[in-house]
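Spelled out, the chains give:
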Amino acid sequence: MKDKLTGLVCKECGAQSPIAPRHYCEECFGPLEVEYNYERIREVMTREHIEYGPLSLWRYRDLLPVETDQPDNIVSLQEGFTPLIRASRLGRELGLKNLFVKNDAVNPTYSFKDRVVAVAVNRALEFGFKHIACPSTGNLACAVAAYGSVAGMKTLVFMPADLEQGKIVGAGIYQPFLVRVNGSYDDVNRLCSEIAETMNWAFVNINIRPYYSEGSKTLGFEIAEQLGWRAPDHIVAPMASGSLLTKIYKGLREFMQIGLIPEARVRMSGAQGQGCAPIVTAVQENSDIIRPVKPDTIAKSLAIGNPADGYYAWKIIKQTGGCAEAVSNGEIIEGIRLLARTEGIFTETAGGVTIAALARLASSGAIAPDELTVACVTGNGLKTQEAVTGSIEMCDPIEPDIEAFDEAYIEDWMIRSATGLCPTKNGTEVLARWT
Ligand SMILES: *Cc1c(COP(=O)(O)O)cnc(C)c1O
Ligand SMILES: [Zn+2]
């Protein structure tokens, strides 16, 4: 669609500027956001138009900041349009009757970052960039490396050196120029911001950030469409920079604004790990100052100590009557295990954060039992196996014959679990579930 984009606008002072690869306001250094011509979009973007579109986030391209209208010209790995699962078994355990899980663990590189990067890469190509780059907490590196490959761009990913193996291999396999840095994500980000000043590279989350971040709106669009064209009552999302939470909400507001779904109040709740919870702390202290922290959490994909969109996430949580929860490493692991055991979805530590926060909100009554609630599971557990390896119940291997099986798993296991000697922590519980 022509004329759908009107330009960039400063989120702080409202100053407008043309569409360009830049991310901060020249007047006040505030962050820039893409502005759309909703009147125009409203005429074209109907439910039918969307339903005939591709089975990917590009079905919503009229509300995405890329110029091309031809799906064939878009670089895509069919990201998005991921399952929205009715989570009745998990809901039963938590006392929630109307619970859904949005499963972004099944995206092309196994996290929701494929949404933002797909948009960023296409925009970067339209700007004429030859290089695509990012500072990353892990998942972003995987996505940028994969999309850099399919876009035929030179790709550079920068990451903290101490990331999980699944993230290093998951990015390295696409053969980008991979730079590991001794430092936190915030250090890596600072380094890349300096490089971005001198090199003509598209840093997806720095100079392309206003376009990149728009990709997260599609999570909100899909939730609305998959619920039968309506907004849920409550969404629980993990927070790193805070961008995802703000954009899910923006997506739902846009659908209301152009008349695709009825006006409704949606509460937005945010989740972080206790070792890196600057946004949650601000919400709980009712302070609009986000104090940077030094991250120490197993939820490495959320380990941003100085979150760029922290203030905006704080504001939306407050405005919508949502909550914020910070959960411990132990709760994160229990959250991962609970989701796997009840719904068959293996999520990474960030998903464990979401499920653990959901459990807290349900048990405190912050989420009412019949509220239509969506929990956003944003990444895949195979990338953070380190976090749960120690929690897997395993007995010693046996010889491949029936006597050995009977001995080990019928008599012996029963005796051992009864006496607490079974190497599985809760052998009795496991056995009870099997018999
Ligand atoms: C990056 C990431 C997030 C959070 O993203 P922000 O937009 O920076 O808040 C959540 N979950 C996973 C798995 C991520 O990789
Ligand atoms: Zn400004």
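Rules behind the numbers
Residues numbered from 1 in each chain as written. Chains lettered and ligands numbered in written order. Predicted model: local features only at pLDDT ≥ 70, side-chain atom pairs only at ≥ 80, totals over all residues. Heavy atoms only, no water. Donors = N, O, S within 2.8 Å, 3.2 Å for Na, K, Ca; no water. Tetrahedral: all angles 85-135°; square planar, octahedral: opposite > 155°, others 65-115°. Buried < 20%, exposed > 50% of the residue type's maximum accessible area, 1.4 Å probe, protein only. Domains from an automatic or database assignment. Pairing = 2+ DSSP bridges. Helix = DSSP H or I, 4+ residues; strand = E, 2+ residues; numbered from the N terminus. Contact = heavy atoms within 4.5 Å. Axes fitted to C-alpha atoms, helices over the stretch in contact; angles between N-to-C directions. Salt bridge = Lys/Arg side-chain N within 4 Å of Asp/Glu carboxyl O. Near = heavy atom within 4 Å. Polar contact = N/O pair within 3.5 Å; in protein donor to acceptor, adjacent residues only side chain to side chain. Areas by Shrake-Rupley, 256 points an atom, 1.4 Å probe, with all protein chains shown as cover. Nonpolar A, V, L, I, M, F, W, Y, C, P; charged D, E, K, R; others polar. Core = buried A, V, L, I, M, F, W, Y, C linked by side-chain atoms within 4.5 Å. Disulfide = S-S within 2.5 Å. Patch = residues over 30% accessible without salt bridge, like charges linked within 9 Å, V, L, I, M, F, W, Y side chains within 5 Å. Lys, Arg positive; Asp, Glu negative; His and termini not counted. Charge placed at Lys NZ, Arg CZ, Asp CG, Glu CD.

**What about the coordination of the zinc ion (ligand 2)?**
Here the zinc ion (ligand 2) is held by the protein donor atoms Cys10 (SG), Cys13 (SG), Cys25 (SG) and Cys28 (SG), which lie 2.3 Å from it. Coordination at the zinc ion (ligand 2) comes from four donor atoms whose angles at the metal span 99 to 117°, giving a geometry best classed as tetrahedral. Sequence positions of the donors to the zinc ion (ligand 2) reduce to the motif C-x2-C-x11-C-x2-C. A relative accessible area of 3% means that Cys25 is categorised as buried. According to the relative accessible area criterion, Cys28 is partly exposed, its value standing at 33%.

**Quick notes on the domain arrangement of the protein chain**
Partitioning the protein chain into domains gives domain 1 (1–44), domain 2 (84–110 + 213–389) and domain 3 (394–432). Each of domain 2 and domain 3 has a C-alpha centre, and the two are 38 Å apart.

**Some words on the sheet that holds strand β8 (residues 177–181)**
The strand order across the open sheet built from four strands is β8-β7-β6-β9, with neighbouring strands paired in parallel fashion. The outermost strands of the open sheet, each flanked by one partner alone, are β8 and β9 (202–203). With five bridges connecting them, strand β7 (residues 154–160) and β8 associate as parallel partners. Note on β8: the bridge partner recorded for Val157 is Leu178. Of the strands in this sheet, β7 and β8 are in contact with helix α6 (residues 165–172), which crosses β8 at around 155°. Packing against the sheet, helix α7 (residues 185–198) makes contact with β6 (131–135), β7, β8 and β9, and its axis sits at approximately 145° to β7.

**Quick word on the pattern of salt bridges**
On inspection of all chains with the given rule, the structure shows 26 salt bridges. With a shortest N-O distance of 3.5 Å, Glu33 and Lys250 are connected by a salt bridge. Of this pair, Glu33 sits in strand β3 (residues 32–36) while Lys250 sits in helix α10 (residues 243–257); the two residues are 217 residues apart in sequence, bridging distant segments of the chain. Residue Glu33 is classed as buried on the basis of its relative accessible area, which comes to 16%. When the shortest N-O distance is used, the salt bridge between Asp187 and Arg190 registers 3.2 Å. Here the residue Asp187 and the residue Arg190 both occupy positions in helix α7, the gap between them amounting to three residues, near one helical turn. If you follow the salt bridges from partner to partner, you end up with Glu33, Glu214, Lys217, Lys247, Lys250 and Glu254 in one network.

**Thoughts on the site of ligand 1**
Around ligand 1, 16 residues are found, and the nearest of them are Lys113, Asn139, Ser241, Leu244 and Thr378. A distance of 2.7 Å separates an oxygen atom of ligand 1 from a polar atom in the side chain of Ser241. Separating a nitrogen atom of ligand 1 from a side-chain N or O atom of Thr378 is a distance of 2.6 Å. Protein chains shield 95% of the accessible area of ligand 1, which is 390 Å² for the free molecule. Grouping the constituent residues of the shell around ligand 1 by class yields seven nonpolar, seven polar and two charged.

**Overview of the nonpolar core**
Of all hydrophobic cores here, the largest spans 85 residues; its most connected members are Met45, Ile235 and Phe255. Counting residues per element, this core draws most heavily on helix α5 (residues 139–151), at eight residues. Mapping this core onto the domain boundaries places at least three of its residues in each of domain 1 (1–44) and domain 2 (84–110 + 213–389). Ranked by size, the runner-up nonpolar core spans 19 residues in total, among them Cys323, Leu339, Ile345 and Ala362.

**Considerations on the state of the cysteines**
Evaluated as defined, the whole model comprises zero disulfides. Free of any disulfide, Cys134 has its nearest cysteine sulfur in Cys192, 7.3 Å distant. Between Cys376, a free cysteine, and Cys323, which holds the nearest cysteine sulfur, the sulfur-to-sulfur gap is 15 Å.

**Things to note about a negative patch on the surface**
On the surface, a cluster of negative charge is contributed by Glu399, Asp401, Glu403, Asp406 and Glu407. Positionally, Asp406 belongs in helix α16 (residues 402–418). Residue Asp406 is classed as partly exposed on the basis of its relative accessible area, which comes to 34%.

**Observations concerning the environment of Pro307**
Here Pro307 shows up in the loop between α11 (278–284) and α12 (310–319). Take Pro307: its relative accessible area is 7%, and that puts it in the buried class. The spatial distance from the C-alpha of Pro307 to the C-alpha of Met239 is 8.9 Å, given a sequence separation of 68 residues. Leave out the neighbours within four places in its chain, and Pro307 touches Ala240, Ser241, Pro278, Ile279 and Ile290.

**Focus on the environment of Gly80**
Residue position: Gly80 is located in the loop between α2 (47–51) and β4 (84–86). Residue class for Gly80 comes out buried when judged on its relative accessible area of 8%. As a C-alpha pair, Gly80 and Thr378 span 298 residues in sequence and 11 Å in three-dimensional space. Setting aside chain neighbours within four positions, we find Gly80 in contact with Leu55, Ser56, Leu57, Asn107, Arg115 and Glu222.

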